[in-house]
2 protein chains.
Amino acid sequence: MRVDLSRAVLADNDALADATREALTAAGVLCVGLLSSPGAGKTALLEATADAWGDPSRLAVIVGDVATEADADRLRLKGVPAVQINTQHHGAACHLAAEPVAAVLATLDLASTDVLFIENVGNLVCPVGFRLGEHRRAVLISVAEGPDKPSKYPKAVLETDLAIVTKVDLSPYVGVSLGELTQAVHQVRPHADVLGLSTRTGEGLEAWVEWLREARAQLHG
Amino acid sequence: MRVDLSRAVLADNDALADATREALTAAGVLCVGLLSSPGAGKTALLEATADAWGDPSRLAVIVGDVATEADADRLRLKGVPAVQINTQHHGAACHLAAEPVAAVLATLDLASTDVLFIENVGNLVCPVGFRLGEHRRAVLISVAEGPDKPSKYPKAVLETDLAIVTKVDLSPYVGVSLGELTQAVHQVRPHADVLGLSTRTGEGLEAWVEWLREARAQLHG
């Protein structure tokens, strides 16, 4: 019975996520979900993306956190419209669900948005199972987390479209290289796209922006 | 109804956790739970503890991971009896629960164990709500995760007995100090015990072993 209940919840969630994605496609907005452990650099990546996008007001972010408005505040400072959802008020605190995401969509000006990011709660397990309406999902894994995270959290790699290896500037100090983590990702999913990134040095940012532009072009294609 | 169900699940879990803790107390075994984000250094801390304890065979570890036997293998190499639980086979993959923990207790030689560690799935949210039979719980937060994790995951600090700030050797490279993270912990819980640690330099290890010995002494007192 526990399994049936959770399947019913997921089916409801996925139906709402599909409706959200269709609305965003119709509005010409690419929606990208970001998943990672706490502190892998999701917000830092979005801050850097705001700087690289030309007009940051054409990006938008829905941020999930158990508590605080801190990440939305950081992104607003960059000129990005940002809505914070505190998941402790929405049933399961450990991940975003399609319902609160759909509920805040109306507060965003979709007509003037190129890309909507949904930054999930820092958690490599629970968010993976809950679609929110994204066209693409990226998982961030920091070199500081060690090389074994893809094998330990396989669904985070199997059910996302891009693996971003973050904080590659820390490689010499943690003894974990981009190559090692790329190999670890490929052991779980042989042909997965992997991108090395450091918001500190700027490495990988251009490739990330290019990935976004290509995904957006496919949306219209 | 969703809330009632989860309360019933938690009540069952807590009753079993209480029974486990009583059995461990009777056997003179201190049980310490470790919680953290993925890659904060739980297994590295246990490897270092094995080296520092004198006789590593008098420690024991129950390790939770979504997948792989990797952490248990690392600890066995150090001479520590270790049992791996893969949570993907136990309902909720995102945390350990009292039932699988109680089920593997029988495989451990409690009579010759000083301290049993339970290393949870890397996740700062879900494991917090599920007691497993621990006498004490410690949360590990790496300086590489940034200074904002205590405020974003407040229960991880509020419902544990010790906050261990790990990888302090990385402080100069990530721009986050032990002092800053200590302050962040104290903003959530003013008098929380905080310990800075680096398994690379050995900083904090002696204090950690002392904390364990004191907790064990209180068990018998």
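What counts as what
Residues numbered from 1 in each chain as written. Chains lettered and ligands numbered in written order. Predicted model: local features only at pLDDT ≥ 70, side-chain atom pairs only at ≥ 80, totals over all residues. Heavy atoms only, no water. Axes fitted to C-alpha atoms, helices over the stretch in contact; angles between N-to-C directions. Helix = DSSP H or I, 4+ residues; strand = E, 2+ residues; numbered from the N terminus. Parallel < 35°, antiparallel > 145°, perpendicular 65-115°, else oblique. Contact = heavy atoms within 4.5 Å. Nonpolar A, V, L, I, M, F, W, Y, C, P; charged D, E, K, R; others polar. Least-squares fit on C-alpha atoms with pLDDT ≥ 70 in both. Disulfide = S-S within 2.5 Å. Expected span 1.5 Å × (residues − 1). Buried < 20%, exposed > 50% of the residue type's maximum accessible area, 1.4 Å probe, protein only. Arc of directions from axis to C-beta. Phe/Tyr/Trp six-rings, centres within 6.5 Å; stacked < 30°, edge-to-face > 60°. Lys NZ or Arg CZ within 6 Å of the ring centre and 35° of its normal. Pairing = 2+ DSSP bridges. Buried area = accessible area lost by both parts, 1.4 Å probe. Salt bridge = Lys/Arg side-chain N within 4 Å of Asp/Glu carboxyl O.

**Re the packing of helix 2 (residues 42–52) of chain A against helix 9 (residues 205–220) of chain A**
Residues and elements named next belong to chain A.
Next up, step 1: Packing of helix 2 against helix 9 brings their axes to within 11 Å, and their N-to-C directions diverge by 75 degrees. By the angle class used here, helix 2 and helix 9 are roughly perpendicular. Of the residues in helix 9, those in contact with Leu45, Ala48, Thr49 and Ala52 of helix 2 are Leu205, Trp208, Val209, Leu212 and Arg213.
Next up, step 2: Counted by class, the contact of helix 2 with helix 9 contains 7 nonpolar, 1 polar and 1 charged residues.

**Some details on the relation of the copies chain A and chain B**
Next up, step 1: Between the two copies, chain A and chain B, the superposition gives an RMSD of 0.0 Å; the rotation angle is 180 degrees and the shift along the axis is 0.0 Å. Between the two chains, the operation in question is that of a two-fold axis.

**Regarding the state of the cysteines**
Working definition: the covalent bond between the sulfur atoms of two cysteines is a disulfide.
Next up, step 1: According to the stated counting rule, one finds 0 disulfides over all chains in the structure shown.
Next up, step 2: Unpaired in this structure, Cys94(B) has its nearest cysteine sulfur neighbour in Cys126(A), at a distance of 3.6 Å.

**With respect to helix 9 of chain A**
Note that an α-helix has 3.6 residues per turn; residues three or four places apart therefore point the same way.
Residue and element names in this part refer to chain A.
Next up, step 1: Under the 1.5 Å per step criterion, the end-to-end length of helix 9 is 23 Å for 16 residues, consistent within 8% with the ideal 22 Å.
Next up, step 2: Those residues of helix 9 not exposed but buried are Leu205, Trp208, Val209, Trp211, Leu212, Ala215 and Leu219. Down the axis of helix 9, the buried set is contained in an arc of 155 degrees. They therefore lie on one face. Facing away from the buried surface of helix 9 by more than 90 degrees, the exposed residues are Glu206 and Gln218.

**Quick word on the packing of aromatic side chains**
Next up, step 1: Summed over all chains, the structure comprises 5 aromatic pairs over all chains.
Next up, step 2: On the basis of an interplanar angle of 35 degrees and a centroid distance of 6.2 Å, the ring pair of Phe117(B) and Trp208(B) is categorised as tilted. A residue pair is termed long-range when its members are at least 10 positions apart, and Phe117(B) in strand 4 (residues 115–119) and Trp208(B) in helix 9 (residues 205–220) qualify at 91 residues.
Next up, step 3: We classify Trp208(B) as buried; its relative accessible area is 0%.
Next up, step 4: When the centroid spacing of 5.5 Å and the interplanar angle of 10 degrees are considered together, the rings of Trp208(B) and Trp211(B) count as stacked. In this pair, Trp208(B) and Trp211(B) are both assigned in helix 9, 3 residues apart and thus about one turn of the helix distant.
Next up, step 5: Pairwise contacts between aromatic rings join Phe117(A), Trp208(A) and Trp211(A) into one cluster.
Next up, step 6: Here the basic side chain of Arg213(A) rests over the ring of Trp53(A), its NZ or CZ set 4.3 Å away from the ring centre.

**What to know about the sheet that holds strand 2 (residues 59–65) of chain A**
Strand pairs in the sheet, formed through backbone hydrogen bonds, run parallel or antiparallel to each other.
Residue and element names in this part refer to chain A.
Next up, step 1: The 7 strands are arranged 3-2-4-1-5-6-7 in an open sheet whose pairing can be described as parallel. Across the chains shown, the open sheet's two edge strands, defined by having one partner strand only, are strand 3 (82–86) and strand 7 (193–196). Put simply, the sheet's adjacent strands are angled 20 degrees from each other on average, direction ignored.
Next up, step 2: Bridge count for strand 2 against strand 3 is 5 bridges, and the pairing is parallel. The residue bridging Gly64 from the neighbouring strand is Ile85, located in strand 3.
Next up, step 3: Where helix 3 (residues 70–77) meets the sheet, it contacts strand 2, strand 3 and strand 4 (115–119), and its direction lies at approximately 175 degrees from that of strand 3.
Next up, step 4: Each of strand 5 (136–142), strand 6 (162–166) and strand 7 is contacted by helix 8 (residues 178–188), which is oriented at about 160 degrees to strand 7, the strand it contacts most.

**What to know about the sheet that holds strand 2 (residues 59–65) of chain B**
Residues and elements named next belong to chain B.
Next up, step 1: Reading across from one edge, 3-2-4-1-5-6-7 is the order of the 7 strands in this open sheet, with parallel pairing throughout. Looking at which strands have only one partner, the edges of the open sheet turn out to be strand 3 (82–86) and strand 7 (194–196). Direction aside, the axes of adjacent strands within the sheet are offset by 20 degrees on average.
Next up, step 2: Here 5 bridges tie strand 5 (residues 136–142) to strand 6 (residues 162–166), and the two strands are oriented parallel to one another. The residue bridging Ser142 from the neighbouring strand is Thr166, located in strand 6.
Next up, step 3: The strands touched by helix 2 (residues 42–52) within the sheet are strand 1 (30–36), strand 2, strand 4, strand 5 and strand 6, with strand 4 carrying the most contacts at an inclination of about 165 degrees.

**Details of the pairing of strand 4 of chain B**
Residues and elements named next belong to chain B.
Next up, step 1: Extensive coverage of strand 4 is indicated by the burial of 5 of its 5 residues.
Next up, step 2: Along strand 4, one buried face is formed by Val115, Phe117 and Glu119 and the opposite face, lined by Leu116 and Ile118, is buried too.
Next up, step 3: With 5 bridges joining them, strand 1 and strand 4 adopt parallel strand pairing. Counterpart to Leu34 in the pairing with strand 4 is Glu119.
Next up, step 4: Two elements, strand 2 and strand 4, share 5 bridges in a ladder whose sense is parallel. Residue pairing across strands places Val61 opposite Phe117, the latter belonging to strand 4.

**Re the interface of chain A and chain B**
Next up, step 1: Taken together, the 32 residues of chain A in the interface contact 32 residues of chain B.
Next up, step 2: Carbon and sulfur atoms make up 62% of the area that chain A and chain B hide from each other, which totals about 2700 Å².
Next up, step 3: Linking chain A to chain B there are 4 salt bridges.
Next up, step 4: Across the pair Asp65(B) and Lys152(A) runs a salt bridge, and its minimum N-O distance is 3.8 Å.
Next up, step 5: Taken together, the elements giving at least two residues each to the side of chain A that touches chain B come down to helix 3, helix 5 (149–152) and helix 7 (171–174) of chain A.
Next up, step 6: No other element matches helix 5 of chain A, which puts 3 residues into the side of chain A that touches chain B.
Next up, step 7: Of the residues contributing to the side of chain A that touches chain B, the split by class is 16 nonpolar, 7 polar and 9 charged.

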